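The primary structure of each chain is shown beneath.
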Amino acid sequence: MALCKEAGNATPKGATDMDVEALVGKWSMGLPLIRDLTLNDEAKKCLDIATEILESGCPVEAIKEVAFKKPSEMPAVLLSAIGSAESKLKLQKCGPHHMTCVFAMYGE
């Protein structure tokens, strides 16, 4: 059974807090609380969860409300995935643009 499935990112008809809480629980299951930025598997998991968030149809704000109630108890990969999903939605609202990304190096 798909939870919060609706077209776009509008508030799904009949979606309850329990639906969102169930999804957040599903996405956080088995993830460590901390994140190791050097692990490619964790980066991929973050992007996979972000994709699931966008495909769920649940409003990102509703997901953030549940996940960020107690952020120190929520897996960092999930919190990053929520931010990634939110960023993608914001970028979709922008017109064509060029973006440059500069990565800081440790001890720089």
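Note: the structure precedes this text.
Please read these numbers as outputs of a predicted model, since none were measured by experiment. (Residues numbered from 1 in each chain as written. Predicted model: local features only at pLDDT ≥ 70, side-chain atom pairs only at ≥ 80, totals over all residues. Heavy atoms only, no water.)

Draft legend 1. Local environment of the overall build of the protein. A tally of regular secondary structure across the protein gives four helices and zero strands. Counting from the amino terminus, the protein carries its helices and strands in the arrangement α-α-α-α. Of the contacts formed within the protein by residues at least 6 apart in sequence, a portion of 70% connects residues at least 24 apart. Accessible area for the protein stands at about 7,700 Å²; split by element, carbon and sulfur atoms hold 60% of it. (Helix = DSSP H or I, 4+ residues; strand = E, 2+ residues; numbered from the N terminus. Contact = heavy atoms within 4.5 Å. Areas by Shrake-Rupley, 256 points an atom, 1.4 Å probe, with all protein chains shown as cover.)

Draft legend 2. Spatial organisation of the nonpolar core. Counting 21 residues, the largest nonpolar core has Val-24, Trp-27, Ile-49, Ile-53, Ile-63, Leu-78 and Ile-82 as the members making the most contacts within it. Counting only elements with at least two residues in this core, the list comes to α1 (17-28), α2 (40-56), α3 (60-67) and α4 (76-92). Sort the elements by how many residues they give to this core and α4 lands first, with six residues. With residues near it in sequence (within four places) discarded, Leu-78 still touches Val-24, Trp-27, Ser-28, Leu-31 and Ile-49. (Core = buried A, V, L, I, M, F, W, Y, C linked by side-chain atoms within 4.5 Å. Buried < 20%, exposed > 50% of the residue type's maximum accessible area, 1.4 Å probe, protein only.)

Draft legend 3. Main features of the environment of Val-77. Note that Val-77 resides in helix α4. Between the C-alpha atoms of Val-77 and Ala-43, which are 34 residues apart in sequence, the distance is 7.9 Å. With residues near it in sequence (within four places) discarded, Val-77 still touches Leu-31, Arg-35, Glu-42, Lys-45, Cys-46 and Ile-49.

Draft legend 4. Representation of the pattern of salt bridges in the model. Enumeration according to the criterion identifies five salt bridges in this entry. The salt bridge involving Lys-64 is made with Glu-61; its shortest N-O contact spans 3.5 Å. Separated by three residues within a single helix, Lys-64 and Glu-61 lie in helix α3, roughly one turn from each other. When its relative accessible area of 22% is taken as the criterion, Lys-64 is described as partly exposed. For Lys-64, the salt bridge is made with Glu-86, and the minimal N-O distance between the two is 2.9 Å. Note that Lys-64 is positioned in helix α3 and Glu-86 in helix α4, a separation of 22 residues in sequence. One salt-bridge network, held together by shared partners, links Glu-61, Lys-64 and Glu-86. (Salt bridge = Lys/Arg side-chain N within 4 Å of Asp/Glu carboxyl O.)

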